[in-house]
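Residue-level structural notes
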2 protein chains.
Amino acid sequence: MVRVLGYCTYRGTNFAGWQIQPHQDSVEEYIERALSQVLNQPIYITGSGRTDSGVHALSQPFHFDLEKKVDLKKMVYALNCLLPEDIRINKMKYVDSSFHARINAKAKEYVYYLQLSSKDPFVYDKVYLCPYHLNVKAMAKAIKLFIGKHNFSCFTSKTEDFVGFMREIYSANIKFDKERQLVIFTFKGNGFMRYMVRYMVGTLIEIGRGKIDSTFIPTHLDQPQRAIISFKAPPQGLYLKKVYY
Amino acid sequence: MVRVLGYCTYRGTNFAGWQIQPHQDSVEEYIERALSQVLNQPIYITGSGRTDSGVHALSQPFHFDLEKKVDLKKMVYALNCLLPEDIRINKMKYVDSSFHARINAKAKEYVYYLQLSSKDPFVYDKVYLCPYHLNVKAMAKAIKLFIGKHNFSCFTSKTEDFVGFMREIYSANIKFDKERQLVIFTFKGNGFMRYMVRYMVGTLIEIGRGKIDSTFIPTHLDQPQRAIISFKAPPQGLYLKKVYY
């Protein structure tokens, strides 16, 4: 048995997310179906993690097992012919059979694109078109408050967590591309729970709008009592950028 | 009665083109429906011309009549709230009641985007992803052969034309954006018949691939006898850029 690590890029718009779900289109199912067709046997893959419905991935790793080695370059070519236009396999390589795409992940990086524009027919499914005026400087300062090891229980929809909702954010920053009116959020951390990036971005947007001030972040981090927060940025701006092993 | 000239931008991917057609979604129908809803009376619009299924417009002009003046800025805002995300009204202004969006058009400009890439999940509906190696220099030289007043009967699917398929191309050029591997074709002329830009681009692609040489163009322009040519570039790369009055 040999283990293969693959990397794919996908536009999440037309999928109910990464994970296989009954009666819905998922990225995982399309890749498994294409692999099973090329190899003429059922193949099951394990992703580095899940993405929500409408969320994109620039590079999502996954692993699977084969009985014996095949020409991976040819297989990537064949898979890309079978897969829909919104999923692309970038590369595949053989890894040690103990490697696990999810368990071995040391860090993950997400990027979120927000465009200051009310309507743009060519990008509405790839960035969040934000119609509000935002104080980007205040947001760029506030995002630093997420850095470090914290209990993020207020920033996820997850209800139970075996490490007590503790996650570490290694870096977080905001860049503003003035020409394209793009606010680009980047987060790198050891793990992200369900909706966590979208709750953090949503909170920063409310700070940018002046609806709340930045003290909201420290008062909602490391809380033994979970408080539901209602600022969740929409999925179309979010991209899984890189998984570090 | 007052006449209004409007400008809209649309992503053509989800439409059967500009023109209203039974049982299919068209840009014209969505705009008419939104206008009729805002004004509470049936409104019919006249576009500067048609676009094919899947073709985009950066700025498509259209006109329509109102019984009396309204606040156009407010109307544009209301229309953009009602219209789907892939259609945006950019502006509207009052024009002389003799103005006609199609008849008064003096020139039109189209742009075609071709990306040298086999698969890109984020742009496949906005550029033509061309998997072939292309000699862009040869194409940039050949595109100049279209400039001038010619009989374009070989470069359209139209079967009858009241000016004998004569159209004048004022300018035609190709730029290559090396970083993004984008080949950008621009055509400006007094009029373009059905599929004309796509036949011209398709012919240039065949020249770039080395399948035909550039003499193909003069031998198919100004032909009294129509020869069917089979090189039609796909719609997703084509944009109506500007209509000149």
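First, a word on scope: everything that follows refers to the structure included in this document. (Residues numbered from 1 in each chain as written. Chains lettered and ligands numbered in written order. Predicted model: local features only at pLDDT ≥ 70, side-chain atom pairs only at ≥ 80, totals over all residues. Heavy atoms only, no water.)

**Some thoughts on the overall build of chain A**
Our working rule: Counting from the N terminus, the helices are DSSP H or I runs at least four residues long and the strands are E runs at least two residues long. Radius of gyration means the value over C-alpha atoms here, while the globule rule gives 2.2 Å times the residue count to the 0.38 power. Exposure classes here rest on a 1.4 Å probe applied to the protein chains alone. A residue is buried below 20% of its type maximum, exposed above 50%, and partly exposed in between. The criterion used for residue contact is that any of the two residues' heavy atoms lie within 4.5 Å. Only four residue types enter the tally: Lys and Arg on the positive side, Asp and Glu on the negative side; His and the chain ends are excluded. Where a charge lies is defined by one atom per residue type: Lys uses NZ, Arg uses CZ, Asp uses CG and Glu uses CD.
Per the secondary structure count, chain A includes five helices and 10 strands. For 245 residues, the compact-globule estimate of 2.2 N^0.38 gives 18 Å, and chain A sits close to it at 19 Å. Along the three orthogonal principal directions, the C-alpha set of chain A runs to about 55 × 45 × 30 Å. Sorting the 245 residues of chain A into buried and exposed places 55% on the buried side. If you take every contact in chain A between residues at least 6 apart in sequence, the share linking residues at least 24 apart comes to 70%. Looking at charge distribution, chain A has the averaged site of its 34 positive side-chain charges lying 5 Å from that of its 22 negative ones.

**Here we look at the relation of the copies chain A and chain B**
Put simply, the test is: Least squares is used to superpose the copies, and the fit set is the C-alpha atoms of residues whose pLDDT is at least 70 in both copies.
Turning chain A through 180 degrees and shifting it by 0.0 Å along the axis lays it on chain B, with an RMSD of 0.0 Å. Taken together, the rotation and translation relating the two chain copies correspond to the operation of a two-fold axis. Residue Val123(A) of chain A places its C-alpha closer to the rotation axis than any other residue of that unit, at 5.0 Å. Taken together, the interface assignments show that 100% of the residues at the interface of chain A recur at the interface of chain B, consistent with an identical surface on both copies.

**Side note on the pattern of salt bridges**
In plain terms, the rule: A side-chain nitrogen of Lys or Arg and a carboxyl oxygen of Asp or Glu constitute a salt bridge if their distance falls within 4 Å.
The final tally for this structure, using the stated rule, is 22 salt bridges over all chains. Residue Arg11(B) is joined to Asp125(A) by a salt bridge in which the shortest nitrogen-to-oxygen separation is 3.3 Å. With Arg11(B) in the loop between β1 (2–10) and α1 (27–39) and Asp125(A) in the loop between β5 (107–116) and β6 (128–130), the pair connects residues from two separate chains. Looking at Asp125(A), the relative accessible area reads 6%, which means it is buried. Close ionic contact of Arg198(B) with Asp52(B) constitutes a salt bridge, the shortest N to O distance being 3.2 Å. On the criterion of sequence distance, the pair formed by Arg198(B) in helix α4 (residues 196–209) and Asp52(B) in the loop between β2 (46–47) and β3 (56–66) is long-range, its members being 146 residues apart. Each member of the pair Arg198(B) and Asp52(B) is classed as buried. Overlapping salt bridges, with partners in common, bring together Arg11(A), Asp125(A), Arg11(B) and Asp125(B) in one network.

**Comments concerning the packing of α1(B) against helix α2 (residues 72–82) of chain B**
All names here are of chain B. Formally: Note on geometry: axes are lines fitted to C-alpha atoms, helical ones only across the stretch in contact, with angles between N-to-C directions running from 0 to 180 degrees. Roughly parallel here means an angle under 35 degrees, roughly antiparallel means over 145, roughly perpendicular means 65 to 115, and every remaining angle is called oblique. Two helices crossing with the near one rotated counterclockwise from the far one by less than a right angle form a left-handed crossing, whereas a clockwise rotation gives a right-handed crossing. Nonpolar residues are Ala, Val, Leu, Ile, Met, Phe, Trp, Tyr, Cys and Pro. Charged residues are Asp, Glu, Lys and Arg, and all others, Gly as well, are polar.
Where α1 contacts α2, the two axes come as close as 9 Å, and the packing angle between them is 125 degrees. The angle between α1 and α2 places the two elements in the oblique class. Judged by the twist between their axes, the crossing of α1 over α2 is right-handed. Facing Ala34, Leu35, Gln37, Val38 and Leu39 of α1, the residues of α2 in contact are Met75, Ala78, Leu79 and Leu82. Among the residues forming the contact of α1 with α2, the class breakdown is eight nonpolar, one polar and no charged.

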